[in-house]
Amino acid sequence: MAARKGRRRTCEPGESMETESQETGSKGQAQVYLPGRGPPLREGEELVMDEEAYVLYHRAQTGAPCLSFDIVRDHLGDNRTELPLTLYLCAGTQAESAQSNRLMMLRMHNLHGTKPPPSEGSDEEEEEDDEEDEEERKPQLELAMVPHYGGINRVRVSWLGEEPVAGVWSEKGQVEVFALRRLLQVVDDPQALATFLRDEQARVKPIFAFSGHMGEGFALDWSPRVPGRLLTGDCQKNIHLWTPTDGGSWHVDQRPFVGHTRSVEDLQWSPTEDTVFASCSADASIRIWDIRAAPSKACMLTTTTAHDGDVNVINWSHREPFLLSGGDDGALKVWDLRQFKSGSPVATFKQHVAPVTSVEWHPQDSGVFAASGADNQITQWDLAVERDPEAGDVETDPALAGLPQQLLFVHQGETDLKELHWHPQCPGVLVSTALSGFTVFRTISV
């Protein structure tokens, strides 16, 4: 982020930058800016990113903003740490008119790490080398789009054997499934992409659609254990189970799962049990279900008041029996499913000062998770962290003294954050979507 002249504050709790006064040009004490803690930004002040706090940082825009996206697992290998990175995203737009929307496949590549600051006394020759290097390091974006009538509320991708598919919740009240193989092929081949955009994109249609929800919704999750099994939940409090059939279609049970009294906001299959899933709702509850029972009797466990208000998002850990939730109250809560009957979380964190919009456990590190909020913060947490009593910097800055010990990092600078995901194959890499576009980054903390 470019800084105007004026007093500066940094973005991260663990990092600092000197302030500069507009009137005198004099340097003052470094300050840390945290929403809801300490004084607000004054006129002439601007957040300045400390690039040394990031291993990787890139931004991209796609025209109309995207409420939701998913990372597409690829064949480039797991545990990729070598730069530059390549990644694939499937996203859906929220355009101003229904007919202007698109389902998109993005290939982002040549994503290099952040550059170290230039050393003092660097000469002109080094600067010319840097300019050439800059050209080679430019990030690249390929985009394949298909028309979609209506804004896209949520996108989730799954692989059915060798076939990648996207489940798409439309604001028009339909849930559709799109085949993604062709889109993935063309973003890797410029010539094929040109042909696709010219001759094929307008003809792409969903391979299946369900209109039985009687209204729009947001909740949608593919089973990680049974390929093709899908759950969808709507704003009318109903949840439907999709079962794959022979021939690449689905049977959708018309009997909804009964229990919630208001909009179903999010759904998560258990990563360890084929038939168990969790749901959260604007009725403030979190429920655990088992599909072996009839839909009217399938709710097995309920925490009635999980949050003070709407529960917006949940995420089920693939490594521990933990469920993570975020609500309109700005709270993040960790639930131990072995103690879920107690109705009490094992941990509650309050850093966000507006509704939480997305939460996700780190795919490799069992105690680490990330969250985004309507306060334009992305926070990274580690349940295993305890503050070092000998660390002096925290004690000297009152804004930092009140921070939760488990808070690793606060990322800012986005506008109207909606969703985030860890890359399952690139450890520590986070991708977010906001009104301001996509951001791909990795911090020094994770």
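The structure contained in this document is the topic of the report that follows. Since the structure is predicted, the reported quantities are computational estimates derived from the model, not experimental observations.

**Structural notes on unusual backbone geometry**
In step 1: Geometrically, the link from Leu83 to Pro84 is a cis peptide bond, its omega value of 5° lying close to zero.
In step 2: Structurally, the position occupied by Pro84 is in the loop between β6 (66-71) and β7 (85-93).
In step 3: Of note, Lys237 is a non-glycine position whose phi angle comes to about 85°, a positive value.
In step 4: Among the secondary structure elements, Lys237 is positioned in the loop between β15 (230-234) and β16 (239-245).

**A few points about the layout of surface pockets**
In step 1: The computed volume of the largest pocket comes to approximately 1300 Å³.
In step 2: If you go around the largest pocket, you meet 45 residues; those closest to its centre are Asp70, Arg156, Asp221, Glu360 and His421.
In step 3: The biggest single contributor to the lining of the largest pocket is strand β10 (residues 152-160), with six residues.
In step 4: Residues belonging to the lining of the largest pocket are distributed by class as follows: 21 nonpolar, 14 polar and 10 charged.

**So, the sheet that holds strand β9 (residues 140-147)**
In step 1: The strand order across the open sheet built from four strands is β6-β7-β8-β9, with neighbouring strands paired in antiparallel fashion. Looking at which strands have only one partner, the edges of the open sheet turn out to be β6 and β9. Neighbour-to-neighbour, the strand axes of this sheet turn through a mean angle of 25°, independent of strand direction.
In step 2: Here β7 runs beside strand β8 (residues 102-111); their pairing, made up of seven bridges, is antiparallel. Bridge pairing links Tyr88 to Arg107 in β8.

**Some words on the pattern of salt bridges**
In step 1: For the structure shown, the criterion picks out 17 salt bridges.
In step 2: A salt bridge links Asp266 to Arg154; its shortest N-O distance comes to 3.4 Å. One end of the pair, Asp266, is in strand β18 (residues 264-269); the other, Arg154, is in strand β10, with 112 residues separating them in the sequence. In terms of burial, Asp266 and Arg154 fall into one category: buried.
In step 3: Measuring nitrogen to oxygen at the nearest pair gives 3.0 Å for the salt bridge that ties Arg181 to Glu163. Taken together, the positions of Arg181 in helix α2 (residues 181-186) and Glu163 in strand β11 (residues 163-170) put the pair 18 residues apart, joining distant regions of the chain.
In step 4: For Arg181, a relative accessible area of 35% puts it in the partly exposed group.
In step 5: It is possible to trace a salt-bridge network through shared partners that takes in Arg107, Glu142 and Asp188.

Rules used in this analysis
Residues numbered from 1 in each chain as written. Predicted model: local features only at pLDDT ≥ 70, side-chain atom pairs only at ≥ 80, totals over all residues. Heavy atoms only, no water. Helix = DSSP H or I, 4+ residues; strand = E, 2+ residues; numbered from the N terminus. 1 Å grid on protein atoms, 1.4 Å probe; cavity = no way out; pocket = protein on both sides within 12 Å on 5 of 7 lines; lining within 4 Å. Points joined across faces, edges and corners; volume = space filled by probe spheres on them. Nonpolar A, V, L, I, M, F, W, Y, C, P; charged D, E, K, R; others polar. Pairing = 2+ DSSP bridges. Axes fitted to C-alpha atoms, helices over the stretch in contact; angles between N-to-C directions. Salt bridge = Lys/Arg side-chain N within 4 Å of Asp/Glu carboxyl O. Buried < 20%, exposed > 50% of the residue type's maximum accessible area, 1.4 Å probe, protein only.

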